[in-house]
Amino acid sequence: MVWAVKPQTFREAATEARAFTPEAVHLSVAAGIRSGTIAEWLGTERVVRAMPNTPALIGKGMTALFARPGLTPAEHASVEQVIAPTGDFLWVDDEKHLDAVTALSGSGPAYVFFFLEAMIQAGADMGLTREQAHKLAVGTFVGASELARKSDEPPELLRQRVTSKGGTTYAAITSLEQDQVHLQFMRALHAAKHRARELGEEFGTSP
């Protein structure tokens, strides 16, 4: 059974469904609510939490999964069958890591769109049409992401291969480093993780 409800209404919905789902495996995509709280509401330990992201809408999502102890391999497989059409997935062994997942990949598409906005605006400011800038920026993100996915080299080395000292990329990266953009960006992810933890505490914690 898939639970895709607002956190504020989960308790009421679970209470009403509890008597009718004693044998079900429950897959929750509700943000923040801990698996222990869900298990308590539903009266079962057969609970899996999922943290997907919006590219799941086109089959390119990234979903992290956490299962309460006791799920059988077959039940794990059934959950994977549900998630597979939405894109890739991974299991985490510790539920607290879902807060980091939320910050990194759950909210991650917004970061990409944020940088795309900046690239498109910069392209327009430099004389390109917004359509041209959009095509160039999006195509660059798609290509770079695919290269990173297929390469055995870490992103740091891939970046260095593009950055010839004294060249145009070097000028851009140097400017970003001087503004400490990487530190600011990492601080933003930590803020997202902190908020994810707050939401979990707001809607209930694991017993």
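Residues numbered from 1 in each chain as written. Predicted model: local features only at pLDDT ≥ 70, side-chain atom pairs only at ≥ 80, totals over all residues. Heavy atoms only, no water.

Considering the packing of aromatic side chains
Next up, step 1: Tallied over the entire structure, the rule returns 5 aromatic pairs.
Next up, step 2: Arranged with centres 5.1 Å apart and planes meeting at 25°, the rings of Trp3 and Phe10 form a pair that is stacked. When sorted by exposure, Trp3 lands in the same class as Phe10, which is buried.
Next up, step 3: Where Phe115 meets Phe185, the ring centres are 5.7 Å apart and the plane angle is 85°; that geometry is what we call edge-to-face. Note that Phe115 is positioned in helix α5 (residues 108-125) and Phe185 in helix α9 (residues 181-203), a separation of 70 residues in sequence.
Next up, step 4: Exposure remark for Phe185: the relative accessible area of 34% places this residue in the partly exposed category.
Next up, step 5: Among the aromatic side chains, those forming a connected cluster through ring pairs are Tyr111, Phe114, Phe115 and Phe185. (Phe/Tyr/Trp six-rings, centres within 6.5 Å; stacked < 30°, edge-to-face > 60°. Buried < 20%, exposed > 50% of the residue type's maximum accessible area, 1.4 Å probe, protein only. Helix = DSSP H or I, 4+ residues; strand = E, 2+ residues; numbered from the N terminus.)

A look at a nonpolar patch on the surface
Next up, step 1: Taken together, the side chains of Phe114, Phe115 and Phe185 define a hydrophobic patch exposed on the protein surface, amounting to about 290 Å² of accessible area.
Next up, step 2: Within the element layout of this structure, Phe114 appears in helix α5.
Next up, step 3: Of the residues examined, Phe114 reaches a relative accessible area of 57% and is grouped as exposed. (Patch = residues over 30% accessible without salt bridge, like charges linked within 9 Å, V, L, I, M, F, W, Y side chains within 5 Å. Areas by Shrake-Rupley, 256 points an atom, 1.4 Å probe, with all protein chains shown as cover. Salt bridge = Lys/Arg side-chain N within 4 Å of Asp/Glu carboxyl O.)

A few points about the pairing of strand β4 (residues 61-67)
Next up, step 1: Burial within β4 is extensive, with 6 of its 7 residues counted as buried.
Next up, step 2: As judged from the 4 bridges shared by strand β3 (residues 47-51) and β4, these two strands associate in the antiparallel manner. In the strand pairing of β4, Met51 is matched with Ala64.
Next up, step 3: Relative to strand β5 (residues 87-91), β4 runs parallel, the two being bridged by 5 bridges. Its bridge partner being in β5, Thr63 is matched across the sheet by Phe89.
Next up, step 4: This β-α-β element, β4 to helix α3 (residues 73-83) to β5, shows right-handed connectivity. (Pairing = 2+ DSSP bridges. Right-handed = clockwise from strand over helix to strand, strands pointing away.)

Description of α3
Next up, step 1: For α3, the complete set of buried residues consists of Glu75, Val79 and Ile83. The arc that holds the buried residues of α3, viewed along the axis, is 85°, so those residues lie on one side. Exposed positions of α3 whose direction lies more than 90 degrees from the buried face are Pro73, Ala74 and Gln81.
Next up, step 2: Looking at the packing, one finds that the buried side of α3 touches β2 (26-28), β3, β4 and β5. (Arc of directions from axis to C-beta. Contact = heavy atoms within 4.5 Å.)

Here's the deal with the packing of helix α4 (residues 97-106) against α5
Next up, step 1: Packing of α4 against α5 brings their axes to within 5 Å, and their N-to-C directions diverge by 30°. Classified by the interaxial angle, the pair formed by α4 and α5 is roughly parallel. Contacts from Ala103, Leu104, Ser105 and Gly106 of α4 reach α5 at Gly108, Pro109 and Tyr111.
Next up, step 2: Of the residues that constitute the contact of α4 with α5, the class distribution is 4 nonpolar, 3 polar and no charged. (Axes fitted to C-alpha atoms, helices over the stretch in contact; angles between N-to-C directions. Parallel < 35°, antiparallel > 145°, perpendicular 65-115°, else oblique. Nonpolar A, V, L, I, M, F, W, Y, C, P; charged D, E, K, R; others polar.)

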